[in-house]
Amino acid sequence: MGAAMRRIHVGNALGAFGLGFTVPYLYVYVAQVRDLGATTAGLVLAIFAVAALVVLPFAGRAIVRRGPLPVLLAALVTAAVGSMSLGLAAGATSVLLSAAALGAGQAVMQPALATMIVDCSGAETRSRAFATQFFLQNLGLGVGGLIGGHLVDPSRAGSFTLLFSIQAAMFLLLVAVMATVRMPRAAKGTEVSAGAAGATGSAKESWKQLLGNRAMVQLSVLGFVLFFACYGQFESGLSAYGVEAAGISTSALGTALAANTAVIVVAQFVVLRFVERRRRSRVIAAVGLIWAVAWGVAGVAGLGQVSQTMATAAFVSTYALFGLGEAMLSPTVAPLVADLAPEGMAGQYNSAFALVKQLALAVGPAVGGPMGASWHAAYVVVFLLFSLGIVGLAVRLGRVLTGVQDLPGSGKSRVIARGGAGVESAVARA
């Protein structure tokens, strides 16, 4: 692992650590500590998704034209300002504006960091690089949330200001770390290969080129279903289902979330050895099957005639199975996005896929929340079918991928240009 990649991984861990301090406590902070009510708290959570949807279509273009590092530094400063402002804000308007800045900065970090990993890795190391990123993100979020939970006190607004200050400091520390990264010469240059005509043309032309890539369109549809049926349900529909249908306590819900993180942290590199030798499309199909089993287990927890202890164990197992699937996806989906991008277009493709993710995360809770709380059997059946749909979409995707895109070790990888991606390599959340 080179010095640049080590700094990128340190940056990922610091960013996730900072986010872990505040994300679990946003609702309580806005609704109760600042006494702005449930409606404003809901708007704050929604504005994160809205901010991401607004900035991501432009982020890819900026990464292609300016390179990922300058875009990342600007996003980090924006997020730091938003975080500090949110910790000091007292009125609804200032809270919403601060949340918009924080959400926009966070959203742009994802494709910028992903493109930096692509630029700094090769065909043999990329899959492990993205798996390491996913591992450190989950570890950082978990540790940050644990420490933040011990520092926060709902009766003292100052304790929340401290949390947001720590988060802002993490972003600024990340600026200092990332500023020392020396990107490969090809990644810093202003020249773009002739194969990336869309990268130097108008925004309309670059989006037209992306939408003309059949494999990328199919992967985007598949990605939407993946994020909608899993990540979009964690803190909305699935938790509501657990509380209302299975009678899960809040402490057990916390245990389930911890089990999800624990499986990712423990299994990530064991799973990586399995994934690296399999076709990506088949790995994604296997994830669909695992998640279908997870929804079946969730059905036992809430719909089966079992004891409360068994229901709790089944519910925790559901989250653990989702974690296993996530660990399999981390070195699979993100590298495939990069490998489908023409030279010089990795930033555009990463941003487009991040936009798909944000759409799924916005729609998922809106659909799953009411279903999980009220229509328990329908909720389980619908999302079990979505998981089986992942299998079909993955198999279909495999038919349009080249042999090297589907199984990177089967051929040579392209050399990466600025903002570009190796066509036949392997990489991975978020």
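Note that this is a predicted model, so its numbers are computed, not measured.

Thoughts on the overall build of the protein chain
Looking only at helices and strands, the protein chain has 19 helices and zero strands in total. In the protein chain, buried positions account for 56% of the 430 residues. As presented, the protein chain carries roughly 16,800 Å² of accessible surface, and 67% of it is formed by carbon and sulfur atoms.

Notes on the packing of aromatic side chains
Taken as a whole, this structure holds 16 aromatic pairs when the rule is applied. Pairing Phe 224 with Phe 228 gives two aromatic rings, centres 6.0 Å apart and planes at 10°, and the pair type is stacked. With a gap of four residues between them, Phe 224 and Phe 228 both fall in helix H11 (residues 214–229), about one helical turn apart. On the basis of relative accessibility, which here comes to 29%, the residue Phe 224 falls in the partly exposed class.

A closer look at the packing of helix H12 (residues 237–244) against helix H17 (residues 346–374)
At a minimum axis distance of 7 Å, the contact between H12 and H17 shows a crossing angle of 10°. One finds that H12 runs roughly parallel with respect to H17. Within the contact between the two elements, H12 uses Gly 237, Ala 240, Tyr 241 and Glu 244 and H17 uses Gly 368, Gly 369, Gly 372 and Ala 373. Taken together, the residues that form the contact of H12 with H17 break down as three nonpolar, four polar and one charged.

Focus on the environment of Val 306
Locating Val 306 in the fold gives a position in the loop between helix H14 (280–303) and helix H15 (308–329). Taking the C-alpha atoms as reference, Val 306 lies 9.6 Å from Ala 246; in sequence the two are 60 residues apart. Setting aside chain neighbours within four positions, we find Val 306 in contact with Val 300 and Ala 311.

Some words on unusual backbone geometry
For Asp 35, which is not glycine, the phi torsion reads 55° and is therefore positive. Turning to its location among the elements, Asp 35 is positioned in the loop between helix H2 (26–33) and helix H3 (37–66). A relative accessible area of 64% means that Asp 35 is categorised as exposed.

Thoughts on H17
For H17, which comprises 29 residues, the first-to-last C-alpha distance of 42 Å matches the rise-based estimate of 42 Å (1.5 Å per residue) to within 8%. The axis of H17 is deflected most strongly, by about 30°, at Gly 368, and proline Pro 370 appears within four residues downstream.

Quick look at a nonpolar patch on the surface
Together, Leu 139, Val 143, Leu 146, Ile 147, Leu 151 and Leu 162 make up a nonpolar patch on the protein surface, roughly 470 Å² of accessible area in all. The biggest single contributor to the nonpolar patch is helix H6 (residues 126–151), with five residues. Within the secondary structure layout, Leu 146 lies in helix H6. Using a relative accessible area of 56% as the deciding quantity, one classes Leu 146 as exposed.

With respect to the confidence of the model for the protein chain
Mean pLDDT for the protein chain: 82, with 89% of residues reaching 70 or above. Here helix H9 (residues 197–200) is the element of the protein chain with the lowest mean pLDDT, 48, and helix H18 (residues 376–400) is the one with the highest, 95. Under a pLDDT of 50 for its full length, residues 187–200 has, in the predicted model, 29 contacts with residues more than four places off or in other chains. Taken as a whole, residues 412–430 scores under 50 in pLDDT and shows 110 contacts with residues more than four places along the chain or in a different chain.

As for the environment of Phe 274
Along the chain, Phe 274 falls in helix H13 (residues 250–275). Residue Phe 274 is classed as partly exposed on the basis of its relative accessible area of 36%. Once the C-alpha coordinates of Phe 274 and Met 328 are considered, the two residues, 54 residues apart in sequence, prove to be 8.7 Å apart.

With respect to a positive patch on the surface
A cluster of like positive charges, contributed by Arg 128, Arg 273, Arg 277 and Arg 278, occupies part of the molecular surface. With respect to the helices, strands and loops of the structure, Arg 278 is situated in the loop between H13 and H14.

Topic: the pattern of salt bridges
Throughout the structure, instances matching the rule amount to two salt bridges. Between Arg 279 and Asp 406 there is a salt bridge; the shortest N-O distance is 3.8 Å. In this pair, Arg 279 is assigned in the loop between H13 and H14 and Asp 406 in helix H19 (residues 403–406), connecting sequence segments 127 residues apart. For Asp 406, a relative accessible area of 3% translates into the label buried.

A word on the packing of H17 against H18
Here H17 crosses H18 at 135°, and the two axes come no closer than 6 Å. Classified by the interaxial angle, the pair formed by H17 and H18 is oblique. From H17, Gly 368, Met 371, Gly 372, Ala 373 and Ser 374 reach across to H18, where they touch His 376, Ala 378, Tyr 379, Val 382 and Phe 383. For the contact of H17 with H18, a count of residues per class yields six nonpolar, four polar and no charged.

Structural notes on the side chain of Ser 220
Assignment of secondary structure puts Ser 220 in helix H11. When sequence neighbours within four positions are dropped, the list of residues in contact with Ser 220 reads Phe 353 and Val 356.

Some remarks on helix H4 (residues 68–88)
An ideal rise of 1.5 Å per residue puts 30 Å on 21 residues; H4 measures up with 30 Å between its terminal C-alpha atoms. Within H4, the full set of buried residues consists of Pro 68, Leu 69, Val 71, Leu 72, Ala 75, Leu 76, Ala 79, Ala 80, Gly 82, Ser 83, Leu 86 and Gly 87. Of the surrounding secondary structure, the elements contacted by the buried residues of H4 are H2, H3, helix H5 (92–119) and helix H7 (157–179).

A word on the nonpolar core
In terms of nonpolar packing, the biggest core is built from 64 residues, with Leu 219, Leu 238, Trp 291 and Phe 315 touching the most fellow members. Among the elements of the structure, H11, H12, H13, H14, H15, helix H16 (333–340), H17 and H18 are those that each provide at least two residues to this core. Ranked by residue count, the leading element in this core is H14, at 10 residues. Core analysis: the second largest hydrophobic core is formed by 60 residues, Val 71, Val 95, Ala 99 and Phe 164 among them.

Some thoughts on the environment of Ala 352
Its place among the elements puts Ala 352 in helix H17. The exposure class of Ala 352 is buried, given its relative accessible area of 6%. Residues Ala 352 and Ala 59, 293 residues apart in the sequence, show an inter-C-alpha distance of 9.0 Å. Among all residues touching Ala 352, those that are not within four sequence positions of it are Trp 207 and Leu 210.

The rules behind these values
- Residues numbered from 1 in each chain as written.
- Predicted model: local features only at pLDDT ≥ 70, side-chain atom pairs only at ≥ 80, totals over all residues.
- Heavy atoms only, no water.
- Helix = DSSP H or I, 4+ residues; strand = E, 2+ residues; numbered from the N terminus.
- Buried < 20%, exposed > 50% of the residue type's maximum accessible area, 1.4 Å probe, protein only.
- Areas by Shrake-Rupley, 256 points an atom, 1.4 Å probe, with all protein chains shown as cover.
- Phe/Tyr/Trp six-rings, centres within 6.5 Å; stacked < 30°, edge-to-face > 60°.
- Axes fitted to C-alpha atoms, helices over the stretch in contact; angles between N-to-C directions.
- Parallel < 35°, antiparallel > 145°, perpendicular 65-115°, else oblique.
- Contact = heavy atoms within 4.5 Å.
- Nonpolar A, V, L, I, M, F, W, Y, C, P; charged D, E, K, R; others polar.
- Expected span 1.5 Å × (residues − 1).
- Bend = angle between axes of the 7 residues up to and from the residue.
- Patch = residues over 30% accessible without salt bridge, like charges linked within 9 Å, V, L, I, M, F, W, Y side chains within 5 Å.
- Salt bridge = Lys/Arg side-chain N within 4 Å of Asp/Glu carboxyl O.
- pLDDT = per-residue confidence, 0-100.
- Lys, Arg positive; Asp, Glu negative; His and termini not counted.
- Charge placed at Lys NZ, Arg CZ, Asp CG, Glu CD.
- Core = buried A, V, L, I, M, F, W, Y, C linked by side-chain atoms within 4.5 Å.

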